[in-house]
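# Fold and contact review
Read off the chains here:
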Amino acid sequence: MSLWFTETENSNLALQYNVNKVLAHKQTKYQELIVVDTDRFGRTLILDGAVQTTVADEYVYHEMIAHVPLFTHPNPEKVLIIGGGDGGTVRETLKHKSVKEVHLVEIDPDVVAVAKEYLPEISCGLSDPRVIIQHTDGIKYVADHEDEYDVIIIDSSDPVGPAVGLFREEFYADVNRALKDDGILVAQTESPWLNVDIMMPEIYQGIKASFPITRMYLCYIPTYPCGMWSFTLGSKKYDPLEVDPSQIIDLGYRYYTPELHHASFALPQFIKELIGEADKK
Ligand code: SAM
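Structure report, in brief. In this text the structure is predicted, and so the values were computed from the model without any measurement. (Residues numbered from 1 in each chain as written. Predicted model: local features only at pLDDT ≥ 70, side-chain atom pairs only at ≥ 80, totals over all residues. Heavy atoms only, no water.)

Another aspect to go through is the overall build of the chain. Scanning the chain from N- to C-terminus turns up 9 helices and 12 strands. By the compact-globule yardstick of 19 Å for 281 residues, the chain fits well, its C-alpha radius of gyration being 18 Å. Considered along the principal axes of its C-alpha atoms, the chain spans approximately 55 × 45 × 35 Å. A total accessible area of about 12200 Å² is found for the chain, and carbon and sulfur atoms account for 50% of it. Counting 24 positive and 43 negative side-chain charges, the chain places the centres of these two groups 4 Å from one another. (Helix = DSSP H or I, 4+ residues; strand = E, 2+ residues; numbered from the N terminus. Rg over C-alpha atoms; globule rule 2.2 N^0.38 Å. Areas by Shrake-Rupley, 256 points an atom, 1.4 Å probe, with all protein chains shown as cover. Lys, Arg positive; Asp, Glu negative; His and termini not counted. Charge placed at Lys NZ, Arg CZ, Asp CG, Glu CD.)

Next comes the structure, spelled out in structure tokens:
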């Protein structure tokens, strides 16, 4: 007998995984949480029916969401991560010697608990003494902080449930205030192939409304629907395109490279048009 998990994107598209074993399945206060073991991608964290991370390809997302902003900032010391309860972004952030404190604000304590139990390769940084974990709403947390962080990383789930507000223009304005005057925001900004009509232009323009330097970049993740995934970086001072590749030291990557730091900002024409940057070189 075979067991399949189906991630349904919309009424026309779904992705299926052959499951060896269901390791955890519970309804938390915020979402349905599942951990399964799959043949091709190993242990996989699923929230409300959407794959969040798999042991086989998690490095792509976590390296790209962490190292691009952390190498754009010349001296990141204090980093805030909103969401990210699996710990992958924390693990990558801690590789930077300049980082003295990482504050992880993950609304759902069950995500952290399950990641610690079933995804040790991903969650291994969560017990590092530089990491402070708080289980509260990232939207409220950011509104209560000012002029504090060098880098803020929005490692959120899709814009449903508690994550909806993490994609709004007002939230990005609060993130701007919580950053120091040379601070950098990076957010995962979804697929350029799905929900594009409203979501992607709105999110990008929402960040652009608060940050003088706003740039989208891409990576390729097999277990995210349609593969191509976007991040948007908003910066008060430093331009990620001006980073000298020779300053990008090897911290042990499997996806990120000095060349890719720049190359990931080269956008296909359809995406430039989608986000209103068709004239931008
Ligand atoms: N890499 C993932 C992706 O794009 O699918 C995201 C990983 S991480 C598991 C996303 C986390 O964001 C979830 O654990 C969820 O509980 C958390 N989250 C959602 N809304 C939040 C909010 N308002 N404040 C803090 N954390 C939130």
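Once the structure has been displayed, the description carries forward.
Moving on: the sheet that holds strand β7 (residues 101–105). Strand order in the open sheet made by the 7 strands is β8-β7-β6-β9-β10-β12-β11, with mixed pairing throughout. What marks the edges here is a single partner per strand, and that holds for β8 (131–134) and β11 (213–220). Within this sheet the neighbouring strands show an average axis-to-axis angle of 15 degrees, counted without direction. Bridge count for β11 against strand β12 (residues 228–235) is 8 bridges, and the pairing is antiparallel. Bridge pairing in β12 links Tyr-220 to Met-228. Along the sheet, helix α7 (residues 199–208) contacts β10 (179–188), β11 and β12; its crossing angle with β11, the most-contacted strand, is approximately 140 degrees. (Pairing = 2+ DSSP bridges. Axes fitted to C-alpha atoms, helices over the stretch in contact; angles between N-to-C directions. Contact = heavy atoms within 4.5 Å.)

Applying the stated criterion across every chain, the model contains 11 aromatic pairs. Look at Phe-171 and Tyr-172: their rings are 5.9 Å apart centre to centre, the planes differ by 55 degrees, and that puts the pair in the tilted class. The same class applies to Phe-171 as to Tyr-172, namely buried. Their ring planes at 65 degrees and their centres at 4.7 Å tell us that Tyr-224 and Trp-229 sit as a pair that is edge-to-face. With respect to class, Tyr-224 is no different from Trp-229; both count as buried. Pairwise contacts between aromatic rings join Tyr-61, Tyr-217, Tyr-224, Trp-229, Phe-231 and Phe-265 into one cluster. For the cation-ring pair, Lys-78 lies above Tyr-149, with the distance from its terminal atom to the ring centre recorded as 5.5 Å. Over the ring of Tyr-59 we find Arg-254, and its NZ or CZ is 4.1 Å from the ring centre. (Phe/Tyr/Trp six-rings, centres within 6.5 Å; stacked < 30°, edge-to-face > 60°. Buried < 20%, exposed > 50% of the residue type's maximum accessible area, 1.4 Å probe, protein only. Lys NZ or Arg CZ within 6 Å of the ring centre and 35° of its normal.)

In this approach a probe as big as a water molecule rolls over the atoms, and the regions it shows empty are the leftover space. Space inside the largest pocket adds up to approximately 810 Å³. Along the walls of the largest pocket sit 46 residues, with Gln-52, Ser-157, Asp-158, Pro-159 and Val-160 positioned nearest its centre. Breaking the lining of the largest pocket down by element, the ones donating at least two residues are β1 (3–10), β4 (42–47), β5 (50–54), α1 (58–72), β6 (78–83) and α5 (138–143). Here the lining of the largest pocket is built from residues that sort into 20 nonpolar, 17 polar and 9 charged. Counting contributing residues, the lining of the largest pocket receives three or more from each of domain 1 (3–54) and domain 2 (58–275). In terms of lining residues, the second largest pocket is bounded by 13 residues, among which Leu-70, Phe-71, Pro-74, His-96 and Ser-98 are the most central. Residues of the lining of the second largest pocket, tallied by class, amount to 6 nonpolar, 5 polar and 2 charged. (1 Å grid on protein atoms, 1.4 Å probe; cavity = no way out; pocket = protein on both sides within 12 Å on 5 of 7 lines; lining within 4 Å. Points joined across faces, edges and corners; volume = space filled by probe spheres on them. Nonpolar A, V, L, I, M, F, W, Y, C, P; charged D, E, K, R; others polar. Domains from an automatic or database assignment.)

Moving on to the site of the ligand. Surveying the vicinity of the ligand reveals 24 residues, the closest of which are Gln-31, Glu-106, Asp-137, Gly-138 and Tyr-224. At 2.9 Å from an oxygen atom of the ligand is found a side-chain nitrogen or oxygen belonging to Gln-31. Ile-107 has a polar backbone atom sitting 3.2 Å from a nitrogen atom of the ligand. Calculation on the ligand without its partners gives an accessible area of 590 Å², and the protein chains cover 99% of this total. Looking at the shell around the ligand residue by residue, the class counts come to 10 nonpolar, 9 polar and 5 charged. Summarising the domain contributions, the shell around the ligand has at least three residues from each of domain 1 (3–54) and domain 2 (58–275). (Near = heavy atom within 4 Å. Polar contact = N/O pair within 3.5 Å; in protein donor to acceptor, adjacent residues only side chain to side chain.)

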